[in-house]
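Observations on the model geometry
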Amino acid sequence: MSNQRLTGIANPQTRIFIGHGPMGTACNEQTESGLAILLPFGKWHLAVVVMLLPFLAKAWQSDSVRQAFVKKIAEPIRPDGVLDEPIWQTIEPVNHFWQYAPSDSVPAEYQTELYFAYDDQYLYVGVKCHAAGNRFIVPSLRRDYRGGGSDNINLLFDTFNDRTNAFHFGLNPYGVRRESLISNGGRNRSDFDSSWDNRWQGDARMYDNYWTAEFAIPFRTLRYKEGQQHWRFNCYRIDAQNNEFSVWQRVPRNQWIFNVAYMGVLAFEEPLGKPGRNLSVIPYLTAGMNQDFLENGGASAFHFNAGGDVKVGLSAGLNLDLTVNPDFSQVEVDRQVTNLTRFEVFLPEKRQFFLENADLFGRFGEERINPFFSRRIGISIDTATGQNIQNPIWFGARLSGKLTEEWRVGLLDIQAAPDAANGLPAYNYAVAAVQRRVFTRSNIGAIAVSKQALDEPGSDEFSAYNRVLGLHYNHFSADNRWVGQAYYLRSFSPEGGARTDAHGASLSYTERRFRVAWTHSYVGENFRAEVGFVPRTNFWRIRPEARLYFYSPDGWLNQHGPGVEAEVIFQPGLGRTDHKVGAYWDVQFRDNSRGRITLQHNYIFLKKDFDPTRSPGATPLPGQQGYNFVDVEMRYGSDRRKPLFVRGRTNVGQFYNGWRLSFNGSLSWRLQPYAVIELSTSYNYVALPEPYPTAAIVLIGPRIDLTFSRSLFLTTFFQYNRQIDNININARLQWRFAPVSDIFLVYTDNYYASDLGQKNRAIVFKMSYWLNP
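Residues numbered from 1 in each chain as written. Predicted model: local features only at pLDDT ≥ 70, side-chain atom pairs only at ≥ 80, totals over all residues. Heavy atoms only, no water.

Another aspect to go through is the overall build of the chain. Helices and strands together make up the secondary structure of the chain, namely 3 helices and 42 strands. Burial analysis of the chain (773 residues in total) assigns 55% to the buried set. For the chain, restricting intrachain contacts to residue pairs at least 6 apart in sequence, the fraction spanning at least 24 positions comes to 62%. For the chain, the accessible area works out to roughly 32,600 Å², and carbon and sulfur atoms hold 58% of it. (Helix = DSSP H or I, 4+ residues; strand = E, 2+ residues; numbered from the N terminus. Buried < 20%, exposed > 50% of the residue type's maximum accessible area, 1.4 Å probe, protein only. Contact = heavy atoms within 4.5 Å. Areas by Shrake-Rupley, 256 points an atom, 1.4 Å probe, with all protein chains shown as cover.)

Below, the structure is given as structure tokens:
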């Protein structure tokens with residue numbers, strides 16, 4: 001039947017055979033019975049070995065590993081989205097999908113069918129997605145679209161069967177493609193890296209009560225060992241018009257839908273041959289003009305540049321990336337933020353060269369104790385505009401990937417050019433990382449980070465060298481209920497000194513009805529990670545958390561529950577300097593909108609005078625005293641499937657010795673599928689008693705994203721920031737004239753927010769072309 005809607009079926013078979021041929025054996029699930037890790041904890045440098053109680057990692061109840069057979073074919077399939085090739089008619093579909101949300105215990109209401117075939121060059125997947133109608137939700141025609149809130153189908157391949165890493169490919173009903181790399185088992189959103197780009201083919205077609213898609217994925221795009229006959233696999237679908245998430249191999253709803261712990265098996269009819277040569281050359285050309293009204297009166301300066309990247313597949317799992325004179329002018333400008341804290345704000349990496357395999361280099365330590373943060377390379381701050389600008393990089397190389405199913409390795413070397421204007425010498429940046437899988441899905445790794453000046457720094461602010469060595473253990477149980485980590489880092493620099501280390505550990509346990517977590521960390525007074533992100537030193541920190549999950553099978557609520565969380569920071573010799581203790585109630589509605597309300601108590605001990613508003617000439621709050629304050633935070637995000645949706649966070653209450661009212665949020669309007677218009681705003685009204693400042697801090701950032709077709713895009717971004725007295729305008733036109741090959745035209749302009757005086761402007765043309773010799 002064309003509209004395959006299931007209102008109730010028996011538990012489907014867990015083995016599915018497609019076509020004819022020998023079926024291989026299933027992958028056996030494994031469990032881990034115990035764990036011993038070093039958890040450095042105590043006053044000063046006391047290390048306590050904590051033996052965790054033995055535990056049995058339970059498999060997802062009542063469900064075993066499903067299998068699907070992949071048929072070997074002789075004739076290629078043209079992936080136009082129409083399942084009209086005769087071969088598809090000879091293959092029995094893989095179906096019986098289960099809901100992931102709003103429930104995870106019933107079959108999907110609208111089913112999905114998968115068809116698998118392969119030849120010597122390509123893996124082919126045909127898809128038929130049954131639906132309630134043809135009002136499919138597709139916000140944009142841009143590649144690498146966001147999956148949530150739109151209709152799409154997604155394939156996950158764990159080609160090395162390591163239960164930790166996977167390739168992801170997706171299509172929506174308009175045939176727009178997305179691809180990603182999943183690392184660390186897919187335990188949270190940060191493990192889903194959509195920056196990865198590669199060449200493959202796919203398209204889709206829409207009909208009255210269903211839509212179809214075809215994937216043609218070159219084997220040389222994937223990484224696997226010659227002779228393999230089994231891959232771990234899962235497929236998930238977002239049926240936005242029916243508000244249903246479904247999966248082939250069942251995934252519990254308290255785990256992310258792309259979690260690699262829950263996968264079935266693809267069995268190929270014959271052992272796979274060599275993936276083929278994987279060599280890509282990506283040259284680029286740029287030309288541009290810029291005017292600086294602060295330094296040279298706005299005189300025009302013209303520039304031309306050229307460079308490129310080379311990608312070489314050295315083996316089934318090992319890749320070499322080379323770059324010469326890289327240029328990142330096409331990268332979208334950072335979204336500006338209002339900073340009311342004493343510390344540096346984290347901004348994400350957006351440059352393609354540094355994003356690929358970033359998990360291997362950038363996941364040591366934790367979020368704010370990270371020994372390697374790639375934005376430290378080739379980026380500096382323009383003090384006139386507050387914008388990040390490029391520092392030239394001469395060349396770089398990265399060797400990364402798998403040596404075996406158990407071992408991963410990464411080597412990165414970047415040579416940056418000197419920056420005479422800021423007294424920066426030519427620095428060489430080198431990183432070496434190695435990772436070994438242990439138990440079923442866990443791993444242990446080591447990292448070495450080096451920053452070395454090739455000549456004398458032009459200022460005492462810059463070190464001649466800085467090095468960091470580290471060890472890190474990640475623990476994932478077979479079913480991802482137990483997740484933890486432990487790490488130790490030590491830095492080396494000319495400044496020397498005692499307490500140059502950092503360490504920490506965390507452990508969480510997640511069940512269907514609750515989650516508990518504990519984190520503690522320490523950073524020494526003289527720990528210096530100049531290529532990392534460590535905005536604060538000389539502290540101990542503990543972060544316990546607990547929450548409950550209540551599920552509503554019917555009605556307007558889907559999931560809700562209370563939680564408590566705390567963060568307490570101590571400074572050796574001074575005692576407690578900060579804490580934030582909060583109790584919240586989290587709500588997820590049936591239509592996928594969600595909200596949270598939190599009551600939190602804050603304590604901050606200011607060691608130095610500090611003005612949170614950063615108002616010029618204002619009297620700062622006095623240091624050497626503590627401030628207690630209480631506030632309420634409310635968050636809400638509406639249904640992203642609607643043409644008009646909002647996201648917002650409001651804080652109201654005490655703030656240091658005064659009070660604050662703040663709102664941060666966005667209003668988005670979707671004109672499907674050609675435009676998304678978004679108005680982002682941040683408003684903070686801070687009222688402190690005399691003689692301290694009272695200020696209204698405003699940040700407004702409207703953004704227009706136009707997708708004229710699947711290959712032509714225009715993004716315009718406007719940012720008004722009163723805190724740094726800057727207005728930024730950025731417009732970026734992109735034409736993808738060939739697969740993974742682009743022409744960009746980028747315009748940037750900066751003004752003073754106070755009087756609209758001009759600061760600088762630039763226009764850049766860039767062309768890159770992906771060659772596969």
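From this point, the discussion proceeds with the structure in view.
Quick look at the nonpolar core now. Counting 38 residues, the largest nonpolar core has Phe116, Leu123, Phe157, Phe169, Phe215, Trp231 and Phe233 as the members making the most contacts within it. Going through the elements one at a time, strand S3 (67–72), strand S5 (112–118), strand S6 (122–130), strand S7 (152–158), strand S8 (166–171), strand S12 (210–218), strand S13 (230–239) and strand S15 (264–268) are the ones with two or more residues in this core. With 31 residues, the next largest nonpolar core counts Val431, Ala453, Phe527 and Phe539 among its residues. (Core = buried A, V, L, I, M, F, W, Y, C linked by side-chain atoms within 4.5 Å.)

Moving on: the pattern of salt bridges. Across all of its chains, the model carries 45 salt bridges by this definition. Between arginine 187 and aspartate 191 there is a salt bridge whose closest N-O contact spans 3.8 Å. Glutamate 530 is the partner of arginine 528 in a salt bridge, and the nearest nitrogen-oxygen pair spans 2.7 Å. In the salt-bridge network here, residues are joined through shared partners; they are Glu366, Arg541, Arg543 and Glu567. (Salt bridge = Lys/Arg side-chain N within 4 Å of Asp/Glu carboxyl O.)

Scanning all chains against the criterion turns up 40 aromatic pairs. Where phenylalanine 116 meets phenylalanine 233, the ring centres are 5.3 Å apart and the plane angle is 90 degrees; that geometry is what we call edge-to-face. On the criterion of sequence distance, the pair formed by phenylalanine 116 in strand S5 and phenylalanine 233 in strand S13 is long-range, its members being 117 residues apart. A single burial state applies to phenylalanine 116 and to phenylalanine 233, both of which are buried. If you follow lysine 766 out to its NZ or CZ, it ends over the ring of tyrosine 284, 5.0 Å from the centre. (Phe/Tyr/Trp six-rings, centres within 6.5 Å; stacked < 30°, edge-to-face > 60°. Lys NZ or Arg CZ within 6 Å of the ring centre and 35° of its normal.)

What follows is about the confidence of the model for the chain. In this model, the chain carries a mean pLDDT of 87, and residues with pLDDT of at least 70 account for 89%. Across the chain, the element-wise mean pLDDT spans from 34 in strand S2 (residues 47–51) up to 98 in strand S29 (residues 539–548). Confidence drops under a pLDDT of 50 for residues 6–62, and excluding neighbours within four residues, the segment shows 131 contacts in the predicted structure. (pLDDT = per-residue confidence, 0-100.)

What follows is about the pairing of S29. One ladder, built from 10 bridges, connects strand S28 (residues 514–523) with S29; its direction is antiparallel. From the neighbouring strand, arginine 515 faces S29, where its bridge partner is arginine 547. When S29 meets strand S31 (residues 557–571), the two strands line up antiparallel, connected through 6 bridges. Looking at S31, one finds that isoleucine 542 is bridged to valine 568. (Pairing = 2+ DSSP bridges.)

Turning to the side chain of glutamine 600, a few remarks are in order. Residue placement: glutamine 600 occurs in strand S33 (residues 594–606). The contact partners of glutamine 600, leaving out residues within four places of it in the chain, are Lys580, Val581, Gly582, Phe629, Val630, Asp631, Glu633 and Asn651.

In this structure, isoleucine 727 sits in strand S40 (residues 726–738). Separated by 32 residues in the primary sequence, isoleucine 727 and lysine 759 place their C-alpha atoms 9.5 Å from one another. Residue contacts for isoleucine 727: discarding those within four places in its chain leaves Phe718, Gln719, Tyr720, Asp749, Asn750, Tyr751, Tyr752, Ala753 and Leu756.

For the rest of this paragraph, the subject is the pairing of S12. In regular strands, side chains alternate between the two faces of the sheet. Among the 9 residues in S12, 9 count as buried, and that is most of the element. Looking at chain direction, S6 and S12 are connected through 9 bridges and run antiparallel. Bridge assignment links tyrosine 124 to a residue of S12, and that residue is alanine 216. Judged from the 6 bridges that link them, strand S11 (residues 201–206) and S12 form a sheet pairing that is antiparallel. By the bridge assignment for S12, arginine 205 is matched with threonine 212. Between S11 and S12, which follow one another and run antiparallel, lie 3 residues.

Another point: the side chain of glutamate 179. With respect to the helices, strands and loops of the structure, glutamate 179 is situated in strand S9 (residues 177–182). Given the relative accessible area of 0%, glutamate 179 is considered buried. Within the structure, the side chain of glutamate 179 is placed 2.6 Å from the side chain of tryptophan 200, a separation counted as a polar contact. Beyond its immediate sequence surroundings of up to four residues, glutamate 179 is in contact with Arg143, Asp144, His168, Phe169, Asp193, Ser194, Trp196, Asp197, Asn198 and Trp200. (Polar contact = N/O pair within 3.5 Å; in protein donor to acceptor, adjacent residues only side chain to side chain.)

The next subject is a nonpolar patch on the surface. On the surface, Phe514, Val516, Leu548, Phe550, Trp585, Ile597, Met634, Val652, Trp659 and Leu661 cluster together into a nonpolar patch covering about 820 Å² of accessible area. Those elements giving two or more residues to the nonpolar patch turn out to be S28 and strand S36 (658–671). Along the chain, the position of leucine 548 falls in strand S29. Overall, leucine 548 belongs to the partly exposed group, its relative accessible area being 37%. (Patch = residues over 30% accessible without salt bridge, like charges linked within 9 Å, V, L, I, M, F, W, Y side chains within 5 Å.)

Now for unusual backbone geometry. In this structure, the amide linkage connecting glutamine 672 to the following residue, proline 673, adopts the cis form with an omega of -10 degrees. Relative to the helices and strands, proline 673 resides in the loop between S36 and strand S37 (675–687). The peptide bond linking glutamate 690 to proline 691 adopts the cis configuration, its omega dihedral lying at 10 degrees. The residue arginine 163 is not glycine, and still its phi comes out positive at about 60 degrees. Among the structural elements, arginine 163 can be located in the loop between S7 and S8. Look at arginine 163 and you get buried, because its relative accessible area is 9%. Non-glycine residue tyrosine 656 carries a positive phi angle of around 55 degrees.

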